[in-house]
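In case you want the letters, here they are:
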Amino acid sequence: MSTKYIFVTGGVTSSLGKGIICASLGRLLVARGLKVTVQKLDPYINVDPGTMNPYEHGEVYVTDDGAETDLDLGHYERFLDIKTSQSNNVTTGRIYYDVISKERQGAYLGKTVQVIPHITDEIQSHVLKLGQSGNYDVVIVEIGGTVGDIESLPYIEAVRQLKYNVGRANTLSIHLTLVPYLAAAGELKTKPTQHSVKTLSESGLQPDILVCRTEHHLDESIRSKVARFCNVDLEDVIESIDARSIYEVPLLMQQQKLDERVIEKLKLETKEPNLDNWLGFVEAVCNPSGEIKIALVGKYVEHHDSYKSIVEAFIHAGAVNDCKVKIIWIQSDNLTAKNVAKKLAGVSGILVAPGFGGRGIEGKLSAVKYARTNDIPFFGICLGMQCAVIEYARNVCGWDGANSTEFDQETEYPIIDIMPDQKDIENMGGTMRLGKYACKLEKGSYAQKAYGAELVDERHRHRYEVNNNLRYKLTENGMKLTGMNPERDLVEIVEIPEHPWFVGVQFHPELRSTVNNPQPLFVDFVKASVKYAKSNSTYSSLKENKVAVEK
Ligand code: GLN
């Protein structure tokens, strides 16, 4: 069977949840036994989002192979339970970079290099690379941006050409659009959708299926209006109504028969879908027995997308523990030794988040100290782990002023220091310690028990590390280094064994949490936090509020 390509475009506005629709369709096809991957094409000029501020772009999602990518790849991994790679995210910057490099090498043999055909050919070759790997039955391609944007045009043109190059029978075009409700008129409006489809058609692309985001059900007359004016069959107008959880979307799409329409049109032979696990998970997410509060201390908390994978990992871990994790967003800039008890009152766990730069560090250190001295479960991730080490060095080991050289180059006790191979790096893009590295766990440690394994690997994104010349001071004073990178003897995990649950990790466990494989440290942290909540009356029972999930 030749690989099928499904192109997903978006119209009317951004933020309609194209990534979730792609991931949901992917999940439905995987549930039918197909091998599927999802690729994101981003129309911006950055080569990757690695150098972008979280306020601009949200979280930078890191893959096993160390690519810094769009956060939608996180959705793909979490929904499909697959591993993505550098090939799954392509930006305009990357396309131009490759084309210009080839031009400099003389690869175009004297030709004038142009958007058409050179840029559009390069886009096509990036899409085909996944299909031609032979690993997939279906490649879903999400085209970032909104139809009508100038910067999306080369992508739409590349898709138009690809349809002919791989055979039209092997491709499908899905357009995600908005059907807004005008309260004053008391009506759903189809005009924006009509215009969006018209714009797409002007570029030579006719959608085969329309997925309509809406706050109200689309009745028969609205659906037939959309179908008639947008040149699609009635059954190809799929309603995508607001869901309680993004994880409910695959079920809603299945009720709307999105997967059936896709397999019929692409003539895919599949088995009946098995969504039992998924249904059980959504049931657990929507109907937990209780709720606890966990503080997420970070400096980008106004923008929750900056911590997307952490939020999702808590949902997965909450489902395993039959408990909703309510995140209390704590801005680290505003946290001080004086107000920390007040700001963190009522929480049953404290997570100090990853980050870069000195802003908010003293607040993070106050949060660590509060968790450590009050026996509240603590989880430090990357910068959060480094803060745990700094706090321990200062307040337990007695090294006043201990710090990371990221924030204080002159510190007397650089307990966190730049990695030697990072010292001379000048370019900021793609040069951190990135991607998957091994970690050997100490038997009997919290981490080892949580993983149930002794050798694991996790993804990284950092330039600084625990200083190997000074780490003796930590262990002399009771902190345990329970996870080490075997090749380079780098500290990956620190713990305080006397504490009910105090774990700091240099890597990013949140990036590996999926619905089918919730991340073990998150599961264990939530378990410890539930235990703490039950013993401190901070656990709220939710037994009465159950609402069934529809099959
Ligand atoms: N800024 C720290 C470093 O580079 C931590 C990075 C992070 O939290 N991802 O090591």
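This text gives an overview of the structure that appears in the document.

Here is what the cut-offs are and how they apply
- Residues numbered from 1 in each chain as written.
- Predicted model: local features only at pLDDT ≥ 70, side-chain atom pairs only at ≥ 80, totals over all residues.
- Heavy atoms only, no water.
- Disulfide = S-S within 2.5 Å.
- Buried < 20%, exposed > 50% of the residue type's maximum accessible area, 1.4 Å probe, protein only.
- Salt bridge = Lys/Arg side-chain N within 4 Å of Asp/Glu carboxyl O.
- Helix = DSSP H or I, 4+ residues; strand = E, 2+ residues; numbered from the N terminus.
- Axes fitted to C-alpha atoms, helices over the stretch in contact; angles between N-to-C directions.
- Left-handed = near helix turned anticlockwise from the far one by under 90°.
- Contact = heavy atoms within 4.5 Å.
- Pairing = 2+ DSSP bridges.
- Near = heavy atom within 4 Å.
- Polar contact = N/O pair within 3.5 Å; in protein donor to acceptor, adjacent residues only side chain to side chain.
- Expected span 1.5 Å × (residues − 1).
- Core = buried A, V, L, I, M, F, W, Y, C linked by side-chain atoms within 4.5 Å.
- Phe/Tyr/Trp six-rings, centres within 6.5 Å; stacked < 30°, edge-to-face > 60°.
- Lys NZ or Arg CZ within 6 Å of the ring centre and 35° of its normal.

### Things to note about the state of the cysteines
Then, in step 1: One pass over the full model with this rule turns up 0 disulfides.
Then, in step 2: Cysteine Cys230 is unpaired, with the sulfur of Cys212 as its nearest cysteine sulfur at 7.6 Å.
Then, in step 3: Assessed through its relative accessible area of 1%, Cys230 is described here as buried.
Then, in step 4: There is no disulfide at Cys286, and the cysteine sulfur nearest it, in Cys323, is 15 Å away.

### As for the pattern of salt bridges
Then, in step 1: Here the structure, examined in full by the defined rule, presents 30 salt bridges.
Then, in step 2: Residue Arg213 is joined to Asp242 by a salt bridge in which the shortest nitrogen-to-oxygen separation is 3.1 Å. With Arg213 in strand 10 (residues 209-214) and Asp242 in the loop between strand 11 (237-241) and helix 9 (249-255), this residue pair connects regions lying 29 residues apart in the sequence.
Then, in step 3: Classification of Arg213 as buried rests on a relative accessible area of 18%.

### Quick word on helix 10 (residues 258-266)
Then, in step 1: Those residues of helix 10 lying buried are Leu258, Asp259, Arg261, Val262, Ile263 and Leu266.
Then, in step 2: Positive backbone phi, approximately 50 degrees, marks Lys267, located one or two places after helix 10.

### Re the packing of helix 4 (residues 92-105) against helix 5 (residues 115-132)
Then, in step 1: Where helix 4 meets helix 5, the axes come as close as 10 Å, and the angle between the chain directions of the two elements is 115 degrees. For the crossing formed where helix 4 meets helix 5, the hand is right-handed. When helix 4 is examined against helix 5, the residues Arg94, Ile95, Tyr96, Asp98, Val99 and Lys102 are found in contact with a partner set consisting of Val115, His118, Ile119, Glu122, Ile123 and His126.

### Some thoughts on the sheet that holds strand 16 (residues 403-404)
Then, in step 1: Strand order in this open sheet of 3 strands is 16-17-20, and the pairing throughout is mixed. On the outer flanks of this sheet lie strand 16 and strand 20 (464-466), each paired with one strand and no other.
Then, in step 2: Relative to strand 17 (residues 414-418), helix 15 (residues 383-395) is tilted by about 150 degrees, and along the sheet it contacts strand 16, strand 17 and strand 20.

### Focus: the site of the ligand
Then, in step 1: Taken together, Pro354, Gly355, Phe356, Cys382, Leu383, Gln386, Glu406, Arg461, His462, Arg463, Tyr464 and His508 are the residues near the ligand.
Then, in step 2: Within the backbone of Arg463, an N or O atom sits 2.9 Å from an oxygen atom of the ligand.
Then, in step 3: His508 is positioned such that a nitrogen or oxygen atom in its side chain is 3.2 Å from a nitrogen atom of the ligand.

### Describing the sheet that holds strand 2 (residues 36-42)
Then, in step 1: The strand order 5-2-6-1-7-10-11 describes an open sheet built from 7 strands, whose pairing is parallel. Strand pairing shows two members of the sheet lacking a second neighbour, strand 5 (89-91) and strand 11, which therefore form its edges. Taken over all neighbouring pairs, the strand axes of this sheet differ in orientation by 20 degrees on average, direction set aside.
Then, in step 2: One ladder, built from 6 bridges, connects strand 2 with strand 6 (residues 138-143); its direction is parallel. What sits directly across from Val38, in strand 6, is Ile140.
Then, in step 3: Lying over the sheet, helix 5 contacts strand 1 (4-10), strand 2, strand 5 and strand 6, oriented at roughly 165 degrees with respect to strand 2.

### Remarks on helix 12 (residues 308-320)
Then, in step 1: Helix length check: helix 12, at 13 residues, gives a terminal C-alpha distance of 19 Å against a target of 18 Å (1.5 Å per residue), a fit within 8%.
Then, in step 2: When we look at burial in helix 12, the residues that qualify are Lys308, Ser309, Ile310, Val311, Glu312, Ala313, Phe314, His316, Ala317, Gly318 and Ala319.

### Describing the environment of His304
Then, in step 1: Take His304: it is sitting in the loop between strand 12 (290-298) and helix 12.
Then, in step 2: It is 23 Å that separates the C-alpha atoms of His304 and Tyr370, two residues lying 66 residues apart in sequence.
Then, in step 3: When near neighbours in sequence (up to four residues on either side) are disregarded, His304 contacts Val311 and Trp329.

### A few points about the pairing of strand 22 (residues 490-495)
In summary, the side chains of a regular strand alternate between the two faces of the sheet.
Then, in step 1: Judged by how many residues are buried, strand 22 sits mostly within the fold: 6 of 6 residues are covered.
Then, in step 2: Alignment of strand 21 (residues 480-485) against strand 22, held across 5 bridges, turns out to be antiparallel. Its bridge partner lying in strand 22, Lys480 is registered against Glu495.
Then, in step 3: The loop that links strand 21 with its antiparallel partner strand 22 comprises 4 residues; one of these, Asp489, has a positive phi angle of about 55 degrees.
Then, in step 4: As paired strands, strand 22 and strand 23 (residues 502-505) are joined by 3 bridges and run antiparallel to one another. Note on strand 23: the bridge partner recorded for Glu495 is Val503.
Then, in step 5: Taking the residues between adjacent antiparallel strands as the criterion, strand 22 and strand 23 are bridged by 6 residues.

### Notes on the nonpolar core
Then, in step 1: Membership of the largest hydrophobic core comes to 49 residues, with the highest contact counts inside it found for Ile6, Leu29, Ile140, Ile174, Val211, Leu258 and Val262.
Then, in step 2: Ranked by residue count, the leading element in this core is helix 1 (residues 18-30), at 7 residues.
Then, in step 3: If near-sequence neighbours (up to four positions away) are discounted, Leu29 is found in contact with Ile6, Leu34, Val36, Val138, Ile140, Val262 and Ile263.
Then, in step 4: Within the second largest apolar cluster, 43 residues are counted, among which are Leu365, Met385, Leu470 and Val491.

### Section: the packing of aromatic side chains
Then, in step 1: Tallied over the entire structure, the rule returns 19 aromatic pairs.
Then, in step 2: The interplanar angle of 45 degrees and the centroid separation of 6.3 Å between the aromatic rings of Tyr446 and Trp501 together place this pair among those described as tilted. One end of the pair, Tyr446, is in helix 16 (residues 446-451); the other, Trp501, is in the loop between strand 22 and strand 23, with 55 residues separating them in the sequence. Per residue, the accessibility class of Tyr446 equals that of Trp501, and both read buried.
Then, in step 3: Taken together, the ring pairs in this structure connect Phe314, Phe379, Tyr446, Trp501, Phe522 and Phe525 into an aromatic cluster.
Then, in step 4: In this structure, Arg433 packs its charged tip against the face of Tyr437, placed 4.3 Å from the ring centre.
Then, in step 5: A cation sits over an aromatic face here: Lys534 above Tyr539, 4.8 Å from the ring centre.

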